[in-house]
Amino acid sequence: MIPFNYHHLYYFYTIAKIGSISKASETLHVGQPALSSQLKQFENYLNLKLFEREGRKITLTEGGRYVLSYATEIFDIGMELMDGLGDRSQKGRLKIQIGVSSFIPKTAVAALLNFLLKIEPEVYISVREDKTELLIENLKTHLLDLVLTDTPMQSIIQKEIENYLIAKIPVVFCACPALARKYKKLPKDLDGAPVLLPTTQSQVYQAVQEYFITHKIKPKIVGEIQDIELVRRLVLSGAGVAPLNILTVTQAPSKEPLVILDKKSRYNIFDNIYLLTKKRKKKHPLILKIIDQFKLPI
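The structure presented is a predicted model; accordingly, all values stated were derived computationally and were not measured.

*Asks:* I'd like to hear about helix H3 (residues 32-46), residue by residue, with values.
*Replies:* Along an α-helix, residues three or four apart share an orientation, since each turn contains 3.6 residues. Under the 1.5 Å per step criterion, the end-to-end length of H3 is 21 Å for 15 residues, consistent within 8% with the ideal 21 Å. Buried residues of H3: Leu35, Leu39, Phe42 and Glu43, and no others. Projected onto a plane normal to the axis of H3, the buried residues spread over an arc of 100° and lie on a single side. Counted as exposed and oriented over 90 degrees from the buried face of H3: Pro33, Asn44 and Tyr45.

Here's what the structure looks like:
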């Protein structure tokens, strides 16, 4: 026998997640009076008060938090079931939905896609670029199978998100041929040199700043630019020196030569790529292969 009406549990779950009965009624397409009545029936059935009400504001009681912990697990498993079924799209083709942070080099993303197409030629790939926070929310609700970002997820969210370091790409300082002849010795030649940096949210930005501080050099910062391809083009035009990952440099068209400054120098700066995926009872089969087999052509 089913112990209670799961519609009631889902209504409670939605109200608790949204934090408002009126807004939950809009999401559920159920009238507010009817939703309040259903919630009251559920509380009566459990013989437990689930929310404290102060005017229009509601907060979970201790008992409500206890029930929510189970409801979250129940409905998350349901979403995982549908997500698992959705891993196979039309005619049995595997489908994978990828979210990409704007800080991830396009060359690395292209390498991953080529890897997927090689191991699963019939795969259906969906790729979306957005802010990491939004991608994580979509990952949590199974709208994405994995997210590529330059930082692992920490704190509370780690309980439901798994982090895998899948690439560690060395970063080098580059310039166009004309500037490369001027800035030959690193780090000393970078003192006063025009430099293009990634934006402050990037892990490479922090590492480069530490490099400058460690070697007591003060370059002339031309600007902070997030788009790696735009930085590469500016470097080629002679706008300045820039720290770029070695993959971006080596994959540049041959007619557009980027020169690595002082190749013998070691910077110990890396462009890290993390694969984030939601914890599931059964992992997406292609994610398992990425974790076990994917290597960047560095």
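*Asks:* Would you mind going over a nonpolar patch on the surface in detail, with residue names and values included?
*Replies:* Among the surface-exposed residues, Tyr6, Tyr66, Tyr70 and Ile74 lie close enough to one another that they form a single nonpolar patch of about 430 Å² accessible area. The leading source of residues in the nonpolar patch is helix H4 (residues 62-86), at three residues. Mapped onto the elements of the fold, Tyr66 is located in helix H4.

*Asks:* Which residues make up the side chain of Asp262, and what values do they have?
*Replies:* Relative to the helices and strands, Asp262 resides in the loop between strand S10 (259-260) and strand S11 (270-278). Here Leu186 takes part through its backbone nitrogen, which lies 3.1 Å from a polar atom of the side chain of Asp262. Excluding its chain neighbours within four sequence positions, the residues that come into contact with Asp262 are Lys184, Lys185, Leu186 and Tyr267.

*Asks:* Lay out the pairing of strand S1 (residues 51-54) in plain terms, naming residues and giving numbers.
*Replies:* In the sheet, S1 pairs with strand S2 (residues 57-60) via four bridges, with the strands oriented antiparallel. Bridging across to S2, Phe51 finds its partner in Leu60. Hairpin connection, S1 to S2: the antiparallel pair is bridged by two residues, and Gly55 has positive phi, about 65°.

*Asks:* I'd like a rundown of the nonpolar core, residues and numbers included.
*Replies:* Residues Leu148 and Phe173 are the most contacted members of the largest nonpolar core, which totals 60 residues. Counting 20 residues, the second largest nonpolar core, distinct from the first, contains Phe12, Tyr13, Leu35 and Phe42.

*Asks:* Break down a positive patch on the surface for me, with residues and values.
*Replies:* A surface patch of positive charge is lined by Arg181, Lys184, Lys185, Lys188 and Lys264. Mapped onto the fold, Lys184 is located in the loop between helix H7 (177-180) and strand S7 (194-197).

*Asks:* Now, about the packing of aromatic side chains: what can you tell me, with residues and values included?
*Replies:* The tally for this structure, following the rule as stated, stands at eight aromatic pairs. Taking 5.5 Å as the distance between ring centres and 35° as the angle between the ring planes, the aromatic pair formed by Phe173 and Tyr211 counts as tilted. In this pair, Phe173 sits in strand S6 (residues 161-175) while Tyr211 sits in helix H8 (residues 203-214), placing the two residues 38 residues apart along the sequence. Taken individually, Phe173 and Tyr211 each receive the classification buried, so the pair is uniform in this respect. Taking 6.3 Å as the distance between ring centres and 35° as the angle between the ring planes, the aromatic pair formed by Phe173 and Phe212 counts as tilted.

*Asks:* Go over the pattern of salt bridges with me, naming the residues and quoting the values.
*Replies:* All chains considered together, the criterion is met by eight salt bridges. A salt bridge links Lys278 to Glu160, with the shortest nitrogen-to-oxygen separation between them at 3.6 Å. Placement of the pair is Lys278 in strand S11 and Glu160 in the loop between strand S5 (146-149) and S6, with a sequence separation of 118 residues. When its relative accessible area of 5% is taken as the criterion, Lys278 is described as buried. The partly exposed category is assigned to Glu160, whose relative accessible area is 28%. A salt bridge links Arg232 to Glu229; its shortest N-O distance comes to 2.6 Å. With a gap of three residues between them, Arg232 and Glu229 both fall in helix H9 (residues 228-236), about one helical turn apart.

*Asks:* Lay out helix H1 (residues 6-18) in plain terms, naming residues and giving numbers.
*Replies:* Look at H1: 18 Å from first C-alpha to last across 13 residues, which is about the 18 Å you get at 1.5 Å a residue. Turning to H1, its buried residues are His8, Leu9, Tyr11, Phe12, Tyr13, Thr14, Ile15 and Ala16. Just past H1, the residue Gly19 takes up positive phi, approximately 85°.

Rules of the game
Residues numbered from 1 in each chain as written. Predicted model: local features only at pLDDT ≥ 70, side-chain atom pairs only at ≥ 80, totals over all residues. Heavy atoms only, no water. Helix = DSSP H or I, 4+ residues; strand = E, 2+ residues; numbered from the N terminus. Expected span 1.5 Å × (residues − 1). Buried < 20%, exposed > 50% of the residue type's maximum accessible area, 1.4 Å probe, protein only. Arc of directions from axis to C-beta. Patch = residues over 30% accessible without salt bridge, like charges linked within 9 Å, V, L, I, M, F, W, Y side chains within 5 Å. Areas by Shrake-Rupley, 256 points an atom, 1.4 Å probe, with all protein chains shown as cover. Salt bridge = Lys/Arg side-chain N within 4 Å of Asp/Glu carboxyl O. Polar contact = N/O pair within 3.5 Å; in protein donor to acceptor, adjacent residues only side chain to side chain. Contact = heavy atoms within 4.5 Å. Pairing = 2+ DSSP bridges. Core = buried A, V, L, I, M, F, W, Y, C linked by side-chain atoms within 4.5 Å. Lys, Arg positive; Asp, Glu negative; His and termini not counted. Charge placed at Lys NZ, Arg CZ, Asp CG, Glu CD. Phe/Tyr/Trp six-rings, centres within 6.5 Å; stacked < 30°, edge-to-face > 60°.

From the geometry alone we can't say anything about function, so treat these as descriptive.
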